[in-house]
Amino acid sequence: MFRLPTLVNNARRQDCRSLVIIFKNKKHVWTSEKVIKSPFKDVEIPNLTVTEYIWRNLDKWATKTATVCGVTDRQYTYEQIYKQSQILGANLRKKFRIENDDAVAVMLPNLPEYPTIMLAILNAGGLVSTINPIYTPFEISRQLTTSNAKLIFAFPDIVPVVREALKLSKKDIPQVVINLNDSLPEGTISFNELVEDNHVDISILKQVNRSVEDVAFLLYSSGTTGLPKGVELTNKNLVVNFEQQTTECRPYQFTTESNQDCSLVSLPIFHSYGLNVSTLQKMSAGLKLVTVPRFRPDIMIDVLSKYSINFIQVAPPTVSFFGLHPEVLPKHFERLRGIMSGGAPLPQVDIDRFLSKASPDAHFVQGYGLTETAPVSTLSPLGYKDYTKVGFPLPNIELRVVDNQLNNLGPNEIGELLIKGPNVMKGYKDNPEANKEIFLENRWMRTGDLAKIDKDGSVTIVDRLKELIKVNAFQVPPAEIESVCKEHPAVFDAAVVAIPDVDTGEKPKAFIVLKDNVKATDKDIINFVAERLAPYKRIKEVAFIDSIPKNPSGKILRRVIKEKYC
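These numbers come from a predicted model, not from an experiment.

Quick notes on the rules
Residues numbered from 1 in each chain as written. Predicted model: local features only at pLDDT ≥ 70, side-chain atom pairs only at ≥ 80, totals over all residues. Heavy atoms only, no water. Helix = DSSP H or I, 4+ residues; strand = E, 2+ residues; numbered from the N terminus. Buried < 20%, exposed > 50% of the residue type's maximum accessible area, 1.4 Å probe, protein only. Contact = heavy atoms within 4.5 Å. Areas by Shrake-Rupley, 256 points an atom, 1.4 Å probe, with all protein chains shown as cover. Disulfide = S-S within 2.5 Å. Core = buried A, V, L, I, M, F, W, Y, C linked by side-chain atoms within 4.5 Å. Axes fitted to C-alpha atoms, helices over the stretch in contact; angles between N-to-C directions. Parallel < 35°, antiparallel > 145°, perpendicular 65-115°, else oblique. Nonpolar A, V, L, I, M, F, W, Y, C, P; charged D, E, K, R; others polar. pLDDT = per-residue confidence, 0-100. Phe/Tyr/Trp six-rings, centres within 6.5 Å; stacked < 30°, edge-to-face > 60°. Lys NZ or Arg CZ within 6 Å of the ring centre and 35° of its normal. Salt bridge = Lys/Arg side-chain N within 4 Å of Asp/Glu carboxyl O. Left-handed = near helix turned anticlockwise from the far one by under 90°. Pairing = 2+ DSSP bridges. Polar contact = N/O pair within 3.5 Å; in protein donor to acceptor, adjacent residues only side chain to side chain.

## What about the overall build of the chain?
Check the secondary structure of the chain and you find 17 helices and 28 strands. Oriented by its inertia axes, the alpha-carbon framework of the chain measures out at about 70 × 55 × 50 Å. Buried residues in the chain amount to 59% of all 566 residues. Restricting the contact set of the chain to residue pairs at least 6 apart, pairs at least 24 apart contribute 68%. As displayed, the chain offers around 24,000 Å² of accessible surface, 49% of which is attributable to carbon and sulfur atoms.

Pasting the structure below:
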């Protein structure tokens, strides 16, 4: 089994010793007001925009590969992306009249060109507003309208859907298409021609004057409730979160002349997790990014075989896939330094299956965050082995756990998690009611998540506040039941939702996906759970389905399950 070089192992041991000292010296993680401070040393917040931060060390890795398509091997160096983003940014400014604060929509799968497009929009003074490429015309129309996008980048296959969305929104905006071959849908503009235009006057970018407080990204999130809302993330929000991730929690190495770590970008870049953690933050460290345009078992296995991946950021379903798929082998993770899972709770059984295939030196960490926090808020330090936790508040971040009356709770008490820090969004665009609902006094932000925090400051996410099942006077978190269900040897995946009950008000119902060629009955599942949970938490009904509906970050879409199956 491949092991990290002695120098790295020694560095890790030193990191752990240093962390122990940090934690030991910082005895008062909990204040007298029951506010939790980060055990990590605060970071200085650079007075830089996102583009300035990413390119500040360009000279160190200009000729290194920045992005490569895991399917086609199409790739770009850092120097190429820098130049192309300058050219494209100038064309956006000159040919399409993109001005400061104009939103530009990006509706693409994970492509090696994606960073070029985002950085070009920022270069032009615009805001990047990403859209899920599998959205319907109605969903696209709503986002184009609320963001007031002036232009959209798309892939040829989805141009008909975009056109329908433009009709619905009564918009007529340019469509720039990533044409990887000679074909170009009628009425669209060639991306290749724009980035290869060596005659455009780059000096037009001098007209752009962006500050750290200006909004750079307009992403969409449902927040704690309701329809998707435009999350305004400033340059400062993103840059400070880049810095917060380079603490004692960092398992990858910065690029040097003799070393370049390779990171897998399988999380969708249109989502804040894939955009920040997988893409922009790793570019700021000079890593090689291997983009995966869509998740398919054969594609993922081929990518793992072709590239020596050092760092992986994934959602829980991918961890489950790694652990269960027979063709995913230990050799695929021989050079793995670390893997980060986030977006939803991850059962211990899935972690154990994955770790049985990984290098013993690989650092596994669950993190926690929200689109509204740019997104990472907690991580575990290197060497931390309590995988039930999502780590500690990152530098410059404070946490509170509150009851229904917003009173602060103490260690190990369960309540709603509140967050305060420089990575917290500016607010929801043009939505004062939603901002009033999510922000409390002094910019404390409600997460809508139930959590408990230990005396040492480590965080456990219990469940979504709005998804609790109320059985008589008891509150039952679906995630806990799902975790137990997945321990059953026949279960591949599980989701639990509340259904009405005459006697108890609500009761848990489990939706189960079985492993291939394995059988189990509803009584098998019910009895298995009954042996492991208190009576009020036990499932009363089971249904077997082919797959669990989830969003791109791996969160179970319980509303969809209820609408479809209940």
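And the narrative resumes.
## Some points on the state of the cysteines
Enumeration over the complete set of coordinates arrives at 0 disulfides. Just so you know, cysteine 69 is unpaired, no disulfide at all, and the nearest cysteine sulfur is the one on cysteine 262, 13 Å from it. On the basis of relative accessibility, which here comes to 3%, the residue cysteine 69 falls in the buried class. The class of cysteine 262 is buried, set by a relative accessible area of 6%.

## Some words on the nonpolar core
Among the nonpolar cores identified, the biggest contains 105 residues, and Leu92, Phe153 and Phe217 are the most heavily contacted of them. Broken down by element, the residue count for this core peaks at 7 residues, all from helix H5 (residues 114-123). Ignoring any residue separated from it by four or fewer positions in sequence, one finds leucine 92 in contact with Arg97, Ile98, Ala120, Ile121, Ala124, Leu151 and Phe153.

## As for the packing of helix H9 (residues 235-244) against helix H10 (residues 272-283)
Closest axis-to-axis distance for the H9/H10 pair is 10 Å, and the angle between their directions is 85°. By the angle class used here, H9 and H10 are roughly perpendicular. On H10, the residues that touch Leu238, Asn241 and Phe242 of H9 are Asn276, Leu280 and Gln281. Class assignment of the residues belonging to the contact of H9 with H10 gives a composition of 3 nonpolar, 3 polar and no charged.

## Focus on the confidence of the model for the chain
Do not read the predicted coordinates in detail wherever pLDDT is low. Predicted confidence across the chain gives a mean pLDDT of 91, with 94% of residues reaching 70 or more. Note on residues 1-22: pLDDT under 50 across the span, and 29 contacts to partners over four residues away in sequence or across chains.

## Regarding unusual backbone geometry
Across the chain, the bulk of peptide bonds are trans and the bulk of non-glycine residues have phi less than zero. Each neighbour pair has its own omega, and for alanine 374 with proline 375 the value is -5°, a cis peptide bond. With respect to the helices and strands, the residue proline 375 is situated in the loop between strand S16 (368-369) and strand S17 (376-379).

## A short note on the packing of aromatic side chains
On inspection of all chains with the given rule, the structure shows 15 aromatic pairs. Pairing tyrosine 53 with phenylalanine 242 gives two aromatic rings, centres 5.5 Å apart and planes at 35°, and the pair type is tilted. Pair noted here: tyrosine 53 is in helix H2 (residues 50-54) and phenylalanine 242 is in helix H9, with a separation of 189 residues, a long-range link. By the burial criterion, tyrosine 53 is buried, and phenylalanine 242 matches it. Taken together, the aromatic side chains of Phe295, Phe321, Phe322, Phe333, Phe354, Phe364 and Tyr387 make up a single cluster linked through ring pairs. Seen from the ring of tyrosine 53, arginine 56 lies directly overhead, with NZ or CZ sitting 3.8 Å from the centre. We note arginine 532 situated over the ring of phenylalanine 528; from NZ or CZ to the ring centre the distance is 3.5 Å.

## Things to note about helix H11 (residues 297-306)
For the α-helix, the turn length of 3.6 residues means that residues three or four positions removed from each other point alike. Among the residues of H11, Ile299, Met300, Ile301, Val303 and Leu304 are the ones counted as buried. Where H11 is buried, its residues meet strand S11 (262-265), strand S12 (288-291) and helix H12 (316-324).

## A look at the environment of glycine 415
As for its position among the elements, glycine 415 is in strand S20 (residues 415-420). When the C-alpha atoms of glycine 415 and serine 341 are compared, they prove to be 23 Å apart, with 74 residues separating the residues in sequence. Ignoring sequence-local partners within four residues, the contact set of glycine 415 consists of Val401, Val402, Leu409, Asp449, Leu450 and Ala451.

## Describing the pattern of salt bridges
For the structure on display, the rule yields 27 salt bridges. Residue lysine 509 is joined to glutamate 541 by a salt bridge in which the shortest nitrogen-to-oxygen separation is 3.6 Å. Of this pair, lysine 509 sits in strand S27 (residues 505-514) while glutamate 541 is found in strand S28 (residues 541-544), placing the two residues 32 residues apart along the sequence. Linked by salt bridges that have partners in common, Asp350, Arg353, Lys486, Asp493 and Lys550 make up one network.

## Side note on the packing of helix H15 (residues 478-485) against helix H16 (residues 522-530)
Across the interface, H15 lies against H16 with an axial gap of 9 Å and an inter-helix angle of 115°. Between H15 and H16, the crossing angle belongs to the class labelled roughly perpendicular. The way H15 lies across H16 gives a crossing that is right-handed. Across from Ile481, Val484 and Cys485 in H15, the residues of H16 making contact are Ile525, Phe528 and Val529. Looking at the contact of H15 with H16, its residues break down into 6 nonpolar, no polar and no charged.

## So, the sheet that holds S16
Spatially, 3 strands are ordered S16-S17-S18 in an open sheet, and the strand pairing comes out antiparallel. With one partner strand each, in any of the chains shown, S16 and strand S18 (392-393) form the two edges of the open sheet. Inspection of the sheet shows S16 paired to S17 by 2 bridges, in the antiparallel sense. The partner of tyrosine 368 across the bridge, within S17, is threonine 378.

## Considering the sheet that holds strand S13 (residues 311-314)
As summarised here, the arrangement of the 7 strands in space is S3-S2-S12-S11-S13-S14-S15, forming an open sheet in which the pairing is mixed. Edge positions in the sheet fall to strand S3 (75-77) and strand S15 (363-366), since each of these pairs with one other strand and no more. Strand-to-strand twist in this sheet, taken as the mean axis angle between neighbours without regard to direction, amounts to 15°. Here S11 pairs with S12 via 4 bridges, running parallel.

## A look at the environment of phenylalanine 544
Mapped onto the elements of the fold, phenylalanine 544 is located in strand S28. For the pair phenylalanine 544 and threonine 279, spaced 265 residues apart in the sequence, the C-alpha separation amounts to 37 Å. Discounting chain neighbours no more than four positions away, the residues touching phenylalanine 544 are Ile512, Leu514, Ala520, Thr521, Asp522 and Ile525.

## A few points about the side chain of asparagine 435
Considering the arrangement of structural elements, one finds asparagine 435 in helix H14 (residues 432-438). One polar contact links the side chain of asparagine 435 to the main-chain amide nitrogen of tyrosine 428, over a distance of 2.7 Å. If near-sequence neighbours (up to four positions away) are discounted, asparagine 435 is found in contact with Gly427 and Tyr428.

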